[in-house]
Amino acid sequence: MTIYTGHRVEDHEDFILEQLLPLIVDHAGASDTPTEVVTFAALLTLATILQAKGLDRDVLVCSIDAARLQPHEIHDEPEGLQ
């Protein structure tokens, strides 16, 4: 498995929130597709790329589990995903 040391997810927060998420929301609106469907398609595509690069499936599943929102946090989702 490839390990990326010295890199943090938090370092990409601005890109994700200010560029990537708006692209997903805009595409969903333009194609009259629910935002969660477009988001899921992007997730599957990115997961496939990560697996092709050597990331174990178990690591992906653990990452999804670690990212779960608590019920009281759901109202804090980025605009467009609520």
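Remember, predicted model here, so these are calculated numbers, not experimental data.

Engineer: Would you mind showing me how to read the overall build of the chain here?
Structural biologist: Scanning the chain for helices and strands turns up three helices and zero strands. Mapped from its N terminus to its C terminus, the chain presents α and β elements in the order α-α-α. A buried classification covers 9% of the 82 residues belonging to the chain.

Engineer: Where do I start with a negative patch on the surface in this structure?
Structural biologist: On the surface, a cluster of negative charge is made up of Glu10, Glu13, Asp14 and Glu18. Positionally, glutamate 13 belongs in helix H1 (residues 13-30). When its relative accessible area of 45% is taken as the criterion, glutamate 13 is described as partly exposed.

Engineer: Hey, could you run me through the packing of H1 against helix H2 (residues 35-52) in this one?
Structural biologist: It is the contact of H1 with H2, at a shortest axis distance of 8 Å, that shows an interaxial angle of 125 degrees. The angle between the axes of H1 and H2 places the two elements in the oblique class. H1 and H2 meet at a crossing whose hand is right-handed. For the pair H1 and H2, the contacting residues are Ile24, Val25, His27 and Ala28 in the first and Thr35, Val38, Thr39 and Ala42 in the second. Each residue belonging to the contact of H1 with H2 can be placed in one class, and the counts come to five nonpolar, three polar and no charged.

Engineer: Honestly, the pattern of salt bridges in this entry has me stumped. Any pointers?
Structural biologist: Should their charged atoms come close, side chains of opposite charge can pair. A full pass over the atoms with the stated rule returns two salt bridges. A salt bridge links arginine 8 to aspartate 11, with the nearest nitrogen and oxygen atoms 3.0 Å apart. Using a relative accessible area of 48% as the deciding quantity, one classes arginine 8 as partly exposed. Close ionic contact of aspartate 65 with arginine 68 constitutes a salt bridge, the shortest N to O distance being 2.9 Å. Among the residues examined, aspartate 65 registers a relative accessible area of 38% and is labelled partly exposed.

Engineer: How do you make sense of unusual backbone geometry when you look at a structure like this?
Structural biologist: Trans is the prevailing form of peptide bonds, just as negative phi is the prevailing case for residues other than glycine. Even without being glycine, aspartate 32 reaches a positive phi, approximately 55 degrees. Locating aspartate 32 in the fold gives a position in the loop between H1 and H2.

The rules behind each value
Residues numbered from 1 in each chain as written. Predicted model: local features only at pLDDT ≥ 70, side-chain atom pairs only at ≥ 80, totals over all residues. Heavy atoms only, no water. Helix = DSSP H or I, 4+ residues; strand = E, 2+ residues; numbered from the N terminus. Buried < 20%, exposed > 50% of the residue type's maximum accessible area, 1.4 Å probe, protein only. Patch = residues over 30% accessible without salt bridge, like charges linked within 9 Å, V, L, I, M, F, W, Y side chains within 5 Å. Areas by Shrake-Rupley, 256 points an atom, 1.4 Å probe, with all protein chains shown as cover. Salt bridge = Lys/Arg side-chain N within 4 Å of Asp/Glu carboxyl O. Lys, Arg positive; Asp, Glu negative; His and termini not counted. Charge placed at Lys NZ, Arg CZ, Asp CG, Glu CD. Axes fitted to C-alpha atoms, helices over the stretch in contact; angles between N-to-C directions. Parallel < 35°, antiparallel > 145°, perpendicular 65-115°, else oblique. Left-handed = near helix turned anticlockwise from the far one by under 90°. Contact = heavy atoms within 4.5 Å. Nonpolar A, V, L, I, M, F, W, Y, C, P; charged D, E, K, R; others polar.

These figures capture arrangement, not role.
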